[in-house]
Amino acid sequence: MTDNQQLVPVFTGELQDKTVQLCNARDLWNFIESKRDFSTWIKERIEKYDFTEGEDYLLHKFGEQVPHQGGMRTMQRIDYHLTIDMAKELAMVENNDKGKQVRRYFIAMEEKAREATSRRLPSISQQLAAHNTRLKLLDKLERERHPEKRRAIHQQLDHASRMLGLPTPAMDAIGYAVAPDPVPALVDDFWEAVEFIGLDKLNHSRDPRFIAINLPHLARVAADEKLKLPATLEFRRVLARSEDPRYLEHNKAIKSRLHNRTVKCWVFAAELTDQ
């Protein structure tokens, strides 16, 4: 098998604080030419063979721009990044020539990666740089309190440590994390009210990628619906903490789709998903 015979692209990623080889389940599905749609195929395989997220595969969610009513909108897609072991097992259970072919390909890719790793020796300057980087990362990890940032720093530390052939200290052994402040309950109250009234009555944005809410307008519509809401000022104090939908900006001049004029709005990201 030559390098240009890449049946399914293989790339590296982080899984359980280790760098591993991965492939995109969509690419595997395309190669084996399954007659079922991708979503059904991968979900049934995961359930039937007890694959575990975070051990056998990673979910990668991203927005994709697609045409919509003469414009563009963001559709959320989900990719499954599979470990090579999981990909080999999926190939095997297809029980056809394509499955056998791609399974042999994955075995060859694993062997090639092992050979490359055994040959790769860092230079003296690279080792010195890695030692310096490792010390800085240890200090940075000790100071950092945000859980997600600590995980990212620890991944970098693991990479530097493995390059030097040194053990990676456990993340919990270096400093400690402080969880970010939870989203205020009033934010949930706000979105529950919006859902109750309906976005079609409240969203001023003409662009489907955004939700634009004018708070005085919300208060008036809520009053018409006999829905009691906290004072507008209370919402102003917390809405920037909204995570789902994600806050973008406020006091934004929006040409309203509801009124024939411009209104000042709080703007949030609208996550559109393909079903």
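In what follows, the structure referred to is the one given above.
Here the structure is a predicted model, which is why all the values come from computation and not from measurement.

A.B. asks: Would you mind going over the sheet that holds strand β6 (residues 247–255) in detail, with residue names and values included?
C.D. replies: Sheet strands pair via backbone hydrogen bonds, and the direction of the pair is either parallel or antiparallel. In space, the three strands of this open sheet follow the order β5-β7-β6, with antiparallel pairing throughout. Each edge of the sheet is formed by a strand with only one pairing partner; in this case those strands are β5 (210–213) and β6. On average, adjacent strands in this sheet sit at an angle of 35 degrees to one another, irrespective of strand direction. Of the strand pairs in this sheet, β5 and strand β7 (residues 262–269) are connected by four bridges, and their pairing is antiparallel. Counted as the bridge partner of Ile-211 is Phe-268 from β7.

A.B. asks: Describe unusual backbone geometry, listing the residues and the values that go with them.
C.D. replies: Across the junction of Asp-244 and Pro-245, the peptide omega takes the value 5 degrees, indicating a cis bond. Looking at where Pro-245 falls in the secondary structure, it is placed in the loop between α10 (232–238) and β6. Phi is positive for Gln-16, close to 55 degrees, though the residue is something other than glycine. A positive phi angle is found at Glu-33, which is not glycine, with a value near 60 degrees.

A.B. asks: Which residues make up the nonpolar core, and what values go with them?
C.D. replies: If you look at soluble globular proteins, the nonpolar side chains tend to sit buried side by side. Membership of the largest hydrophobic core comes to 25 residues, with the highest contact counts inside it found for Leu-28, Trp-41, Ile-42, Leu-82, Val-102 and Phe-106. For this core, the secondary structure elements donating two or more residues are α1 (25–32), α2 (38–48), β4 (71–83), α3 (84–94) and α4 (97–119). Other than its neighbours up to four places away in sequence, Leu-82 contacts Gln-21, Leu-22, Cys-23, Ala-25, Leu-28, Ile-42, Asp-56, Tyr-57, Ala-87 and Leu-90. The next biggest cluster of nonpolar side chains, apart from the first, holds 20 residues, and it includes Leu-186, Val-187, Phe-190 and Ile-211.

Scoring rules and cut-offs
Residues numbered from 1 in each chain as written. Predicted model: local features only at pLDDT ≥ 70, side-chain atom pairs only at ≥ 80, totals over all residues. Heavy atoms only, no water. Pairing = 2+ DSSP bridges. Helix = DSSP H or I, 4+ residues; strand = E, 2+ residues; numbered from the N terminus. Axes fitted to C-alpha atoms, helices over the stretch in contact; angles between N-to-C directions. Core = buried A, V, L, I, M, F, W, Y, C linked by side-chain atoms within 4.5 Å. Buried < 20%, exposed > 50% of the residue type's maximum accessible area, 1.4 Å probe, protein only. Contact = heavy atoms within 4.5 Å.

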